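Summary of structural features
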Amino acid sequence: MIEVSCDNCERPIEVPDDQAGSKVRCPACGDVNRIPEAVVREVAAIPASAPVVAAVAAVPETGPVEEKEIVVVRPAMFRAHPLKYVLLVLAFIAGIVIAVGAKQSVKIGDWMLWVGVAVSVIALVWFIKWWIATHWWIRVSITNKRTVRHEGIIRRHSTEVLHDHVRSVDINQNFLQRIFKVGYIGIDSAGQDGIEIEIRDIPGPFEIKKVIDRYRKM
């Protein structure tokens, strides 16, 4: 039998030897775990009197773990600022209604038409600028080795923290953010004083923390 610990709840899982290298679901939490390949049998066949070097040589060497991107997150718009989102949409619609009404009415001067156009343009420009800031300007990628915060479009700035160096992951949410499941995450590195990576208006902050905790040394 092969015994491993669940990546999520750390409960022991026992599987037959013939399932080595496959994926099994944890009976306690349902998390999918990969069962490592079985250790080469020649190790057990080495007599106790044999040199330790021979026993070590019988175990296959494992190369460096390939870095894989697990998840990419960006700040939320509506979930983080629902009132601002709704007001911008309503302002854009109201500007169009004012412009169309002024165009069709004889009693209303042309100045009202331009007021409606101005309101719609301002609301649209503000919305596009906000969308670019959340979808293009800031991006956080989490791999099996590190968390990287990218900022900027033409000139890029990035800050990264290796999972092995993470000292704490702080999450802050107000009442409205708890309802919409967004919040602030601060990653504190052992090599720096204070918070090294700050991510605001991130959707699912507790799910992001679980991903980081899965690969950090607890």
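Right, let's walk through the structure included here. (Residues numbered from 1 in each chain as written. Predicted model: local features only at pLDDT ≥ 70, side-chain atom pairs only at ≥ 80, totals over all residues. Heavy atoms only, no water.)

**Considering the overall build of the protein chain**
If you tally the helices and strands in the protein chain, you get six helices and 11 strands. Residue pairs in contact within the protein chain that sit at least 24 positions apart in sequence constitute 43% of those at least 6 positions apart. Total accessible area on the protein chain stands at roughly 14,800 Å², and carbon and sulfur atoms take up 59% of it. (Helix = DSSP H or I, 4+ residues; strand = E, 2+ residues; numbered from the N terminus. Contact = heavy atoms within 4.5 Å. Areas by Shrake-Rupley, 256 points an atom, 1.4 Å probe, with all protein chains shown as cover.)

**Considerations on the environment of V71**
Tracing the backbone through its elements, the reader meets V71 in strand β5 (residues 69-73). For V71, a relative accessible area of 23% corresponds to the partly exposed category. Ignoring anything within four residues of it in the chain, the contact list for V71 reads V140, S141, I142, I208 and V211. (Buried < 20%, exposed > 50% of the residue type's maximum accessible area, 1.4 Å probe, protein only.)

**Details of helix α3 (residues 82-104)**
The terminal C-alpha atoms of α3 lie 33 Å apart, and with 23 residues this matches the ideal 33 Å at 1.5 Å per residue to within 8%. Residues of α3 that are buried: P82, L88, G95, A99 and A102. Along its buried surface, α3 packs onto α4 (110-137) and α5 (175-180). (Expected span 1.5 Å × (residues − 1).)

**A closer look at the sheet that holds strand β6 (residues 138-143)**
Spatial ordering of the open sheet is given by β5-β6-β7-β8, a layout of four strands whose pairing is antiparallel. The outermost strands of the open sheet, each flanked by one partner alone, are β5 and β8 (157-162). This sheet shows a mean twist of 15° between the axes of neighbouring strands, independent of strand direction. As judged from the four bridges shared by β5 and β6, these two strands associate in the antiparallel manner. Counted as the bridge partner of E69 is T143 from β6. Strand contacts of α4: β6 and β7 (146-151), with the helix running at about 25° to β6, the strand carrying the most contacts. Along the sheet, helix α6 (residues 205-215) makes contact with β5, β6 and β7, crossing β5 at roughly 155°. (Pairing = 2+ DSSP bridges. Axes fitted to C-alpha atoms, helices over the stretch in contact; angles between N-to-C directions.)

**So, α6**
Looking only at α6, the buried set comprises P205, I208, V211, I212 and D213. Residues of α6 that are buried make contact with β5, β6, β7, β9 (166-172), β10 (182-189) and β11 (195-203).

**Considering unusual backbone geometry**
Here the phi dihedral of K181 falls at roughly 60°; this positive angle occurs in a residue that is not glycine. Assessed through its relative accessible area of 56%, K181 is described here as exposed. The phi dihedral of D201 is positive, around 60°, even though this residue is not glycine. D201 sits in the buried class, given a relative accessible area of 19%.

**Details of the pattern of salt bridges**
According to the stated counting rule, one finds six salt bridges in the structure shown. A salt bridge links R146 to E67, with the nearest nitrogen and oxygen atoms 2.7 Å apart. Here the residue R146 occupies a position in strand β7, and E67 occupies one in the loop between α2 (52-58) and β5, the gap between them amounting to 79 residues. Residue class for R146 comes out partly exposed when judged on its relative accessible area of 26%. Judged by relative accessible area, which is 32%, E67 ranks as partly exposed. The salt bridge partner of R146 is E160, with a shortest N-O separation of 2.6 Å. In this pair, R146 is assigned in strand β7 and E160 in strand β8, connecting sequence segments 14 residues apart. (Salt bridge = Lys/Arg side-chain N within 4 Å of Asp/Glu carboxyl O.)

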